[in-house]
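Listed here are the chains, written in short residue letters.
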Amino acid sequence: MKRNYLYIYVVDRDFGFAPNPFHGYCTLATCKPRIRSTAKLGDWIMGVGGGRLNATGKCIYLMKVTEILTFNDYWSDPRFQRKKSLRNGSLVMMAGDNIYHQEAGNACWIQGDSHHSMPDGTQNLENLMKDTSSTKVLVSNYFYYFGKSAPVVDLESIGYKNRRDHDKRQLTNANIATFIDEMEKSYSRGRNLIVNKPFQFSSASKRVDQATGKIT
């Protein structure tokens, strides 16, 4: 019997890269490999704020997983070409998360010049190894992205407290079902829209090293 879940985690950094809410789809293509490796169609992913963003108790985004792709399929899909990182473009282009692919006959991953590469544009192997430990991309065309307008939500009602790893709750749990239903009713006008810019969008041109947390 298939069970669906709500995955909850703290978004430490919100540049518009992970998640990437642009171009009509909210995608989680980097970071959070454990969520990406286990989430199924119909699951929900919720990213909440923490101390780093001064947004504890707030919902940055909520997305229903409507499609799951491999990195290579994501890279080649015509729908997601605008999500490829372009470092001499706009901030939206710089935040592109479609950055991994393999050449035919070669198992090595190629990391595009992006938010997760080195300051000179070369591959950041630490980021590459973490990101590609799951080769799945979670895609949603049914999402709520609040960014800097993240609302305070009742996390206590679903028994969630901020932690380093993610939590997951069955959707059959009455409290979880009620929580999602109330979110959908309250924010229906913002569905599939970018309500506000990411918290750190003005710094989307910078790079991050996941091993150290250093942003350059």
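Before any of the text, the structure's been laid out above.
Here's a quick rundown of the structure.

Conventions we followed
- Residues numbered from 1 in each chain as written.
- Predicted model: local features only at pLDDT ≥ 70, side-chain atom pairs only at ≥ 80, totals over all residues.
- Heavy atoms only, no water.
- Pairing = 2+ DSSP bridges.
- Helix = DSSP H or I, 4+ residues; strand = E, 2+ residues; numbered from the N terminus.
- Axes fitted to C-alpha atoms, helices over the stretch in contact; angles between N-to-C directions.
- Phe/Tyr/Trp six-rings, centres within 6.5 Å; stacked < 30°, edge-to-face > 60°.
- Buried < 20%, exposed > 50% of the residue type's maximum accessible area, 1.4 Å probe, protein only.
- Lys NZ or Arg CZ within 6 Å of the ring centre and 35° of its normal.

**Some points on the sheet that holds strand β8 (residues 136-140)**
Okay, so step 1: Across the sheet, three strands lie side by side as β2-β8-β5; this open sheet has antiparallel pairing. Strands with a single pairing partner mark the edges of an open sheet, and in this sheet they are β2 (26-28) and β5 (67-70). Neighbour-to-neighbour, the strand axes of the sheet open up by a mean angle of 25°, direction not taken into account.
Okay, so step 2: Pairing of β5 with β8 involves four bridges; the strand directions are antiparallel. Counterpart to Glu-67 in the pairing with β8 is Val-139.

**Description of the packing of aromatic side chains**
Two aromatic rings are characterised by how far apart their centres lie and by the angle between their planes.
Okay, so step 1: With the rule as written, the count across this model stands at ten aromatic pairs.
Okay, so step 2: Measuring from ring centre to ring centre gives 5.8 Å for Phe-22 and Phe-201, while their planes differ by 45°; the resulting arrangement is tilted. Here the residue Phe-22 occupies a position in the loop between β1 (5-10) and β2, and Phe-201 occupies one in the segment after α5 (174-186), the gap between them amounting to 179 residues.
Okay, so step 3: Its relative accessible area of 7% is what places Phe-22 among the buried residues.
Okay, so step 4: With a centroid separation of 5.5 Å and 80° between ring planes, the pair formed by Phe-71 and Trp-109 is classed as edge-to-face. Placement of Phe-71 in helix α2 (residues 71-76) and of Trp-109 in the loop between β6 (100-101) and β7 (110-111) is noted, with a sequence separation of 38 residues between them.
Okay, so step 5: An aromatic cluster is present here, built from Tyr-25, Tyr-74 and Phe-80 joined pairwise through their rings.
Okay, so step 6: For Lys-84, the ring lying beneath its charged end belongs to Trp-75, and the centroid distance is 3.8 Å.
Okay, so step 7: Seen from the ring of Tyr-5, Lys-168 lies directly overhead, with NZ or CZ sitting 4.4 Å from the centre.

Read these as geometric descriptors, not functional statements.
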